[in-house]
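Here is what each chain is made of, one letter per residue.
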Amino acid sequence: MSRLPPFQQGFPRLLQVPELAPYAVGPHNTRGRREREAAPVGRSEFQRDRDRIIHSTAFRRLEYKTQVFVNHEGDLFRTRLTHSLEVAQIARSVARNLQLNEDLVEAISLAHDLGHTPFGHAGQDALHRCMQPHGGFEHNLQSLRVVDLLEQRYAAFDGLNLCFETREGILKHCSLKNARELGCIGERFIKRKRPSLEAQLANVADEIAYNNHDVDDGLRSGLLTVAQLAQVKLFARHMKRVLREYPELDERRMVHETVRRMISTLVIDLTRQSAKNIARAAPRTLNEVRAAPALIAFSPTIQAQQAELKRFLRLKLYQHYEVARMTSKARRIITELFTAFQADPQLLPPQDQARARTQPARAVADYIAGMTDRYAMREHRILFAVDKI
Ligand code: MG
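In this text the structure is predicted, and so the values were computed from the model without any measurement.

(A) Geometry of the overall build of the protein chain. Scanning the protein chain from N- to C-terminus turns up 19 helices and zero strands. Compactness check: the protein chain gives a C-alpha radius of gyration of 22 Å against a globular reference of 21 Å for 389 residues, within 12% of the reference. Based on the C-alpha atoms only, the size of the protein chain along its principal axes is roughly 70 × 60 × 45 Å. The contacts in the protein chain between residues at least 6 apart in sequence include a share of 71% that link residues at least 24 apart. If you sum the accessible surface of the protein chain, you get close to 19500 Å²; carbon and sulfur atoms cover 52% of it.

(B) Just the packing of helix α13 (residues 251-281) against helix α15 (residues 300-318), in detail. Two elements in contact, α13 and α15, have axes whose closest approach is 10 Å; the angle formed by their N-to-C orientations is 140°. Classified by the angle between their axes, α13 and α15 sit oblique to one another. For the pair α13 and α15, the crossing hand works out as left-handed. Contacts between α13 and α15 involve Met262, Thr265, Leu266, Asp269 and Gln273 on the former and, on the latter, Pro300, Ile302, Gln306 and Leu309.

(C) The coordination of the magnesium ion, seen in detail. The coordination sphere of the magnesium ion, as far as protein atoms go, consists of His83 (NE2), His112 (NE2) and Asp206 (OD), spread over 2.1 to 2.3 Å. Sequence positions of the residues that donate to the magnesium ion give the spacing H-x28-H-x93-D. In this pair, histidine 112 is assigned in the loop between α4 (102-111) and α5 (120-131) and aspartate 206 in helix α10 (residues 197-221), connecting sequence segments 94 residues apart.

(D) Representation of the side chain of lysine 65 within the structure. Of note, lysine 65 is situated in the loop between α2 (57-61) and α3 (80-97). As a buried residue without a salt bridge, lysine 65 has its nearest oppositely charged side chain in aspartate 373, at a separation of 6.9 Å. A polar atom in the side chain of lysine 65 sits 3.4 Å from the backbone oxygen of methionine 371.

(E) The arrangement of the packing of α4 against α10 in detail. Direction vectors running N to C along α4 and α10 enclose 45°, while the axes themselves pass 9 Å from each other. With respect to α10, the axis of α4 lies oblique. As for how α4 packs across α10, the hand of that crossing is right-handed. Mapping the contact onto sequence places Leu104, Val105, Ile108 and Ser109 in α4 and Glu198, Ala199, Leu201 and Ala202 in α10. Split into classes, the residues belonging to the contact of α4 with α10 amount to six nonpolar, one polar and one charged.

(F) Representation of α13 in the model. Compared with the 45 Å implied by 1.5 Å per residue over 31 residues, the 44 Å span of α13 between its first and last C-alpha is a close match. With a side-chain oxygen positioned 3.2 Å from the backbone nitrogen of arginine 252, the residue opening α13 is aspartate 250. Looking at the residues trailing α13, positive phi occurs at alanine 282, about 45°.

(G) Just the side chain of asparagine 277, in detail. On the secondary structure map, asparagine 277 appears in helix α13. By relative accessible area, which is 11% here, asparagine 277 ends up buried. Apart from the residues lying within four places of it in its own chain, the contact partners of asparagine 277 are Leu295 and Ala297.

(H) Layout of the pattern of salt bridges. Using the criterion set out here, one finds 26 salt bridges in the structure. With its nearest N and O atoms 3.1 Å apart, the salt bridge here joins arginine 92 to glutamate 102. Here arginine 92, found in helix α3, pairs with glutamate 102, found in helix α4; they are ten residues apart in sequence, far enough to count as distant. The exposure class assigned to glutamate 102 is buried, which follows from its relative accessible area of 12%.

(I) Region of the structure containing unusual backbone geometry. The phi torsion at asparagine 161 lies on the positive side, around 50°, for a residue other than glycine. On the basis of relative accessibility, which here comes to 7%, the residue asparagine 161 falls in the buried class. Positive phi values are uncommon outside glycine, yet alanine 282 reaches one of about 45°. In this structure, alanine 282 sits in the loop between α13 and α14 (286-291). Looking at alanine 282, the relative accessible area reads 45%, which means it is partly exposed.

(J) Here's a closer look at the packing of aromatic side chains. One pass over the structure, following the stated rule, counts three aromatic pairs. With centroids separated by 5.2 Å and ring planes inclined at 25°, the aromatic side chains of tyrosine 154 and phenylalanine 157 adopt a geometry described as stacked. When its relative accessible area of 27% is taken as the criterion, tyrosine 154 is described as partly exposed. Considering the side-chain rings of tyrosine 367 and tyrosine 375, the 6.4 Å spacing of their centres and the 85° angle between planes classify their relative orientation as edge-to-face.

(K) Looking closely at α10. The first and last C-alpha atoms of α10 sit 36 Å apart over 25 residues, in line with the 36 Å expected at 1.5 Å per residue. Burial within α10 is extensive, with 21 of its 25 residues counted as buried. Positive phi appears at glycine 222, one or two residues downstream of α10, with a value of about 85°.

(L) Geometry of the nonpolar core. Ranked by size, the top nonpolar core spans 47 residues in total, and within it Leu100, Leu201, Leu229 and Phe235 carry the most contacts. Not counting chain neighbours up to four residues away, the residues in contact with phenylalanine 235 comprise Val215, Leu219, Val226, Leu229, Ala230, Thr258 and Met262. Met131, Leu348, Ala361 and Met377 belong to the second largest nonpolar core, which has 25 residues in total.

Criteria and cut-off values
Residues numbered from 1 in each chain as written. Predicted model: local features only at pLDDT ≥ 70, side-chain atom pairs only at ≥ 80, totals over all residues. Heavy atoms only, no water. Helix = DSSP H or I, 4+ residues; strand = E, 2+ residues; numbered from the N terminus. Rg over C-alpha atoms; globule rule 2.2 N^0.38 Å. Contact = heavy atoms within 4.5 Å. Areas by Shrake-Rupley, 256 points an atom, 1.4 Å probe, with all protein chains shown as cover. Axes fitted to C-alpha atoms, helices over the stretch in contact; angles between N-to-C directions. Parallel < 35°, antiparallel > 145°, perpendicular 65-115°, else oblique. Left-handed = near helix turned anticlockwise from the far one by under 90°. Donors = N, O, S within 2.8 Å, 3.2 Å for Na, K, Ca; no water. Buried < 20%, exposed > 50% of the residue type's maximum accessible area, 1.4 Å probe, protein only. Lys, Arg positive; Asp, Glu negative; His and termini not counted. Salt bridge = Lys/Arg side-chain N within 4 Å of Asp/Glu carboxyl O. Polar contact = N/O pair within 3.5 Å; in protein donor to acceptor, adjacent residues only side chain to side chain. Nonpolar A, V, L, I, M, F, W, Y, C, P; charged D, E, K, R; others polar. Expected span 1.5 Å × (residues − 1). Phe/Tyr/Trp six-rings, centres within 6.5 Å; stacked < 30°, edge-to-face > 60°. Core = buried A, V, L, I, M, F, W, Y, C linked by side-chain atoms within 4.5 Å.

Below, the structure is given as structure tokens:
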């Protein structure tokens, strides 16, 4: 075998990727793209998906969208962009260890939040309420809508024309009603089947990322205290060890070191337990993965600790009165924008007006969902502040 690097052996020739497990998603079992395209040159189909996602408009907007905090509150907090990068990092580490398709988990991780509204969950709940009479609003479905339809940058098709397995991973949840309208991508919800292991992994990596960075951001914002977190097993166990090893450590570094160890524990546990689950279920093909129960999972002990941390964050951070005040304002902004645009579609930018003629409410929801936090606030000011022209 030649030792020359691939580009000297005659392009195109793909670099050898680490060997995939037979049940991983790969070139042999992908269901491909909706629109036929020539095979990519010098990269795999899933690398191409990832690249299309990174170059999309919706991806760039993630920089100015937030999950819990509002974007202008501080430069140190996570945005959906940095969150998505953290998810991809965690998911790729585990994927490599389990011989899953690293390119696919990366693509899913980077795309999983593309459909999120401004102002995190508050924005999404408000938009869902506005859209109740028009089929509702689900952010997972919206992420799929972004990559299937709303991105308009290719000459031959709307959307990014991603592979089935990337789209399937993006559509984490979906109501049965919507699943029935989605064709083959909605099938698994109706047949109660699982998605690929890569999709399952991106989903759990999302959870690991947000629980841990919300601890970090919660402490940094002052909404959470170390004393409160010391009541949570997963945090307390690592904090005690850190303080035993480094008694003089200042609080900020102690928190970073603790969160770092928490992430490590979760990632290692997830890898080990998932490897065990896979060995026990012994799937031979991707179809057998789909028919098996969820295989990417924490051990029961860590699952319980992770659930405890989640409960803690819901009570102490997401329902904190300062977050609630922001949430209520976000709800008002989204609802008022929706009402104004729906009453008078002429207020929409010209490119959105065209779609508003056939599906007025959905066009308004797409426009609002695409906004960043600060853009939504600016639009609200432009439409409602009497002293703003
Ligand atoms: Mg997420």
